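Each chain is listed here by its residues.
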Amino acid sequence: MRSLGLFAASLAANLASAALEINLPISARSDVIESDFTAVYYDAARPVLVGNDGGASTGGFHTFDLDGETNLTETNHQFPGRTKLVTTLYDVGGKDLIVTIAQPDSYFRLYDASTAEQVGEPLARTLGDWSAVCAWKSQSSGEQYLYLFGKSQAIHFLVRGHNGSYEFVEIQTFGTEVEASTCAVSLSAKSVYFAKKDDATVYTFAAAETTMAPQISVMGKADDDVTGLGAYIGADSDYLFVAQSDIIAVYDTSFKLLGSIAITGDDDIEVKGLNFYQTPTQKYPAGAITYAIEDGDGKGFAASSLETAFNELALKLNTAYDPRWKSVKASGTVCSKCNLSGFCQKSNGTRCGIDCSCFAGFEGTRCADFTCRNDCSAHGKCIGANLCECDVGWGGLYCAFKVVKAVVETDAFGGDGDDPAIWISPIDKSESRIITTIKSEEGSGLAVFDLDGKLQQTFSAGEPDNVDVIYGFQAGNRSVDLAYAACRTDNTLCLFEITSNGTLQAIAGGSQPTKDDYEVYGSCVYRSRKSGKQYLFVNAKSAEYLQYELTWADGALQTSLVRSFTGGSGGQVEGCVADEPNGWIFIGEEPHALWRYGAEPDDDSNNGFIIGEVGDGKMYADNEGVTLIEGPSADKGFILVSQQGVSAYNVYRRAAPHEYVETFTIYENKAKGIDAVTNTDGLAAVGAGLGSAFPNGLVAVHDDANQLPDGGTSEKASFKLVDLKDILDDELLKEVDTDWDPRVS
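Colleague: Mind showing me how you'd approach the overall build of the protein chain here?
Modeller: Helix and strand counts for the protein chain come out as three helices and 58 strands. In terms of overall dimensions, the protein chain has C-alpha extents of about 85 × 60 × 50 Å along its principal axes. Residue burial in the protein chain is summarised as follows: out of 745 residues, 58% are buried. Pairs at least 24 residues apart make up 52% of the contacts formed inside the protein chain by residues separated by at least 6 positions. Accessible surface computed for the protein chain: about 29100 Å², of which carbon and sulfur atoms make up 45%.

Structure (structure tokens):
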């Protein structure tokens, strides 16, 4: 990205020490809610705060009476599913609207802002892991737009009334290089601002009615990592509020620091998801700032009065702001001469004096024709602008994903699940087990299920993330199987013995330390065919991998650090899996790529091999879980990687150069009452036949939203089991070893 110029950022830094900091107490807050973003609805009779709900069973949004007492009074709660993003739109098709996009199904939903009742059916399914949304009402045309941010990209939508309903029309999709976690729009500067999680940089681009990709630049850097952005609309010029934990810095639109606000009223406060209600209310005569809050009492929503803050920082209030306002001279940029499917631009070179700049999926001189990306992947029919009607057995993005269905669902258990492992019984393969992790405080630990999905055992552990199985480890004079996970509560390497009947039990030395100030995340295991030594890999979100040798001494497990390296290009990592016959480790760098490295301690860690890369037309972020299906030889078999943002899984050949095979997604199995799988974290697979239930092998996946048959979402996690023959066709199954025995090298 190019810089706007270093002068503004330098000036802001020089003035930072002189800027005034004031305290701003919490005026009102909600009960505990899984909060991320706030919106407001301007209603003279009843000012409303709108907040998302990211809870599994409570997911959706809440509305609150902003003029309520110390405790915000909830006025409505809608349950479309786990939701992170919410915003408000004004005077669209004659209505004011609340907009959400639910994570389980990626559909936009519209609600009448005055009643919070849903308007029509869900619209414009937009597959992806979306992280920020901003509304922009053009002051020149009066058109209402949305900017939806996700994995290093953003989509610009026009939202309008259409045939008695509403439609989201994609203007364009453009790259942002980083994943925005917050955004805001300034009307006076005609600019969109955004920032990423765990970074102090604020980026900007022009808010414009155009199909040209915007030029993104660096606006400046805050003093600390940005947790939220908000634009206060001024009478002459706007203010940009930049939240950084418990401090909110205030800048003008040139990024000059004007002062800072410390939110007070509790310990360890962090705020994000900023918004403003600028017009006077009974409780807030100068308006209010709203925010999502996390403190000693948990997460929720809160509001504070703007009066003291603006007075003490000498800022200019604009209580006359009206989000419905548009210029009396407003002229439409979307016109019938361009089929209402493009921007109309004056031209002297055409018969009617108009050139058309077509929206995404429209083409022709008057944008009257439509097309679909990738021609619906040759598995569907194009029935509208980038709208595919998929053939039976195909779905997902432009019909590019093979559709399969789970045949078993595990019992629901615990809170936030993450990763499964498959343990193959040495006695009877039909008695094999699925071992899963629960990384949330509720139910934290491991759960063991049989192949019918029935819960057999739970075992407490300190928020384990990924789990893997070690077969035949020599513990003194015993050969034992082990389950291994990185435990986030105390940043340790956790190991458990697996008995011959698939039950977990403690083992001496089962908790091993990592290095100082290291925060564990993902993990996997590797046994060297060269030396016979057993290794444990663990990673941090920073992409630092640690490799430990696991041994047995003095009657207990012992570990020693043998290697550390940066995986991938330095982006966040988690999932990994080892290929022992080939001496490789496959690493998922969530926002970027699937990598291959040597797994031996003395292998070169400086250069990895990219197997698949986000943006190559096959891979989508985030790359989460990675697993390996063994073949009858080291050059046969398959690598599977979950792509969380599009609820799908890529299959690659195990043999270098790791040719892409296919992508599949898991839909609802109505006959068995099993819901579709969305936003998978971890997965595990084996090609070995596991008795009559899975004679061709098994794939087990995490499901982020455990949707119930009668509607709603369970607060407890479940995992889904898929027959491998439903994923790989007969020819591909020939490359799988159905007799694979993990205890035979």
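After that view of the structure, there is still more to cover.
Colleague: Got a minute to help me understand unusual backbone geometry in this structure?
Modeller: Note: most peptide bonds trans; most residues except glycine with negative phi. Omega for the bond connecting Ala621 with Asp622 falls within 30 degrees of zero, at -10°, which places this linkage in the cis form. As for its placement among the helices and strands, Asp622 is situated in the loop between β51 (609-613) and β52 (623-630). That bond from Ala656 to Pro657 is cis: its omega, 10°, falls within 30 degrees of zero. Looking at the element boundaries, Pro657 is found in the loop between β54 (648-653) and β55 (660-667). Phi is positive for Ser152, close to 60°, though the residue is something other than glycine. By the element assignment, Ser152 lies in the loop between β12 (144-149) and β13 (153-162). Of the residues examined, Ser152 reaches a relative accessible area of 27% and is grouped as partly exposed.

Colleague: Would you take a moment to explain the state of the cysteines for this structure?
Modeller: Defined simply, a disulfide is a covalent bond joining two cysteines at their sulfur atoms. As enumerated under the stated definition, the model contains nine disulfides in all. Put simply, Cys358 and Cys367 are joined by a disulfide, and their sulfur atoms are 2.1 Å apart. Handedness of the Cys358-Cys367 disulfide follows from its S-S torsion of about -95°: it is left-handed. Owing to a relative accessible area of 21%, Cys358 belongs among the partly exposed residues under this scheme. Shown here is the disulfide that connects Cys487 with Cys494, its sulfur atoms set 2.1 Å apart. Its relative accessible area of 1% is what places Cys487 among the buried residues.

Colleague: So what exactly am I meant to see when it comes to the pattern of salt bridges here?
Modeller: Opposite charge on two side chains makes pairing possible when the charged atoms of those side chains draw close. In total, this model carries 29 salt bridges according to the counting rule given. For the salt bridge of Lys299 with Glu34, the shortest nitrogen-to-oxygen distance reads 3.0 Å. Here Lys299, found in strand β25 (residues 298-305), pairs with Glu34, found in the loop between β3 (28-29) and β4 (38-41); they are 265 residues apart in sequence, far enough to count as distant. Two residues, Lys725 and Asp726, come together in a salt bridge whose shortest N-O distance is 3.6 Å.

Colleague: What should I look at first to understand the packing of aromatic side chains in this one?
Modeller: Between two aromatic rings, the relevant description is the distance of the centres plus the angle of the planes. Under the defined criterion, the tally for this structure stands at 33 aromatic pairs. Between the aromatic rings of Tyr42 and Tyr90, the centroid separation amounts to 6.3 Å while the plane-to-plane angle is 70°, which identifies the pairing as edge-to-face. Highlighted residues: Tyr42 in the loop between β4 and β5 (48-53) and Tyr90 in strand β8 (residues 83-92), separated in sequence by 48 residues. Neither Tyr42 nor Tyr90 differs from the other in exposure class; each is buried. On the basis of an interplanar angle of 50° and a centroid distance of 6.4 Å, the ring pair of Phe149 and Phe205 is categorised as tilted. Within this pair, whereas Phe149 is found in strand β12, its partner Phe205 is found in strand β17 (residues 201-206), the two being separated by 56 residues in sequence. The exposure classification of Phe149 matches that of Phe205, with both residues buried.

Colleague: Looking at this structure, how should I read the pairing of β13?
Modeller: Side chains on a regular strand alternate between the two faces of the sheet. A large share of β13 lies buried, amounting to seven of its ten residues. Two elements, β12 and β13, share six bridges in a ladder whose sense is antiparallel. Paired with Leu148 across the strands is Ile155, a residue of β13. Counted along the chain from β12 to the antiparallel partner β13, the turn is three residues long, and its residue Ser152 has a positive phi close to 60°. Note that β13 and strand β14 (residues 165-175) share ten bridges and pair antiparallel. Opposite Val159, over in β14, you have Phe168 as the bridge partner. Here β13 folds back onto β14 in antiparallel fashion, the turn holding two residues, of which Asn163 has a positive phi close to 50°.

Colleague: Even after reading the chapter, I still don't get empty space enclosed by the protein, so can you show me in this structure?
Modeller: If you roll a probe as big as a water molecule over the atoms, it shows you where there is empty space left. For the structure shown, the criterion picks out four cavities of 30 Å³ or more. The computed volume of the largest cavity comes to approximately 80 Å³. Residue lining of the largest cavity: Lys84, Leu85, Ile101, Ala102, Gln103, Ser106, Gly128, Asp129, Trp130 and Asn679, and that is the complete set. Put simply, the parts of the chain that give the lining of the largest cavity at least two residues each are β8 and β9 (95-102). Partitioning the lining of the largest cavity into residue classes produces four nonpolar, four polar and two charged. For the second largest cavity, the calculated volume is near 40 Å³. As for the second largest cavity, its lining consists of Ser35, Glu270, Lys272, Ala292, Ile293, Glu294 and Lys299. Only β23 (270-277) and β24 (288-295) provide two or more residues apiece to the lining of the second largest cavity. A per-element tally of the lining of the second largest cavity places β24 first, with three residues. Tallied by class, the residues present in the lining of the second largest cavity amount to two nonpolar, one polar and four charged.

Reading guide: rules and limits
Numbers given for residues are sequential positions, taken from 1 along each chain in its written order. The predicted nature of this model means local features are confined to residues of pLDDT at least 70 and side-chain atom pairs, given and counted, to a pLDDT of 80 or more, with totals for whole chains, interfaces and linings taken over all residues. Only hydrogens and water are removed before side-chain values are computed, so all heavy atoms of the structure are retained for them. Under the DSSP-based scheme used, a helix requires at least four consecutive residues in state H or I and a strand at least two consecutive residues in state E, with every element numbered from the N terminus. Burial here depends on accessible area, computed with a 1.4 Å probe over protein chains only, as a share of the maximum for the residue type. Under 20% is buried, over 50% is exposed, and the range in between is partly exposed. Contacts are residue-level and defined by heavy atoms, with any inter-residue pair within 4.5 Å sufficient. Method for areas: the Shrake-Rupley scheme with a 1.4 Å probe, in which residue coverage is limited to the protein chains shown. When two cysteine sulfur atoms lie within 2.5 Å, the pair is treated as a disulfide. The term salt bridge refers to a pairing of a side-chain nitrogen on Lys or Arg with a carboxyl oxygen on Asp or Glu at a separation within 4 Å. Classification of ring pairs rests on two measures: the distance between centres of Phe, Tyr or Trp rings, Trp counted by its six-membered ring, which must be within 6.5 Å, and the angle between planes, read as stacked under 30 degrees, edge-to-face over 60 and tilted in between. Strand pairing is assigned whenever DSSP detects at least two bridges linking the two strands. Of the grid points, spaced at 1 Å and generated over the protein atoms alone, those admitting a 1.4 Å probe that cannot get out make up cavities, while open sets with protein on both sides within 12 Å along at least five of seven lines make up pockets; any residue with an atom within 4 Å of a point is treated as lining. Grid points are joined across faces, edges and corners, and a volume is the space filled by probe spheres set on the points. For this scheme, ten residues count as nonpolar: Ala, Val, Leu, Ile, Met, Phe, Trp, Tyr, Cys and Pro. Four count as charged, namely Asp, Glu, Lys and Arg, and the remainder, Gly too, count as polar.

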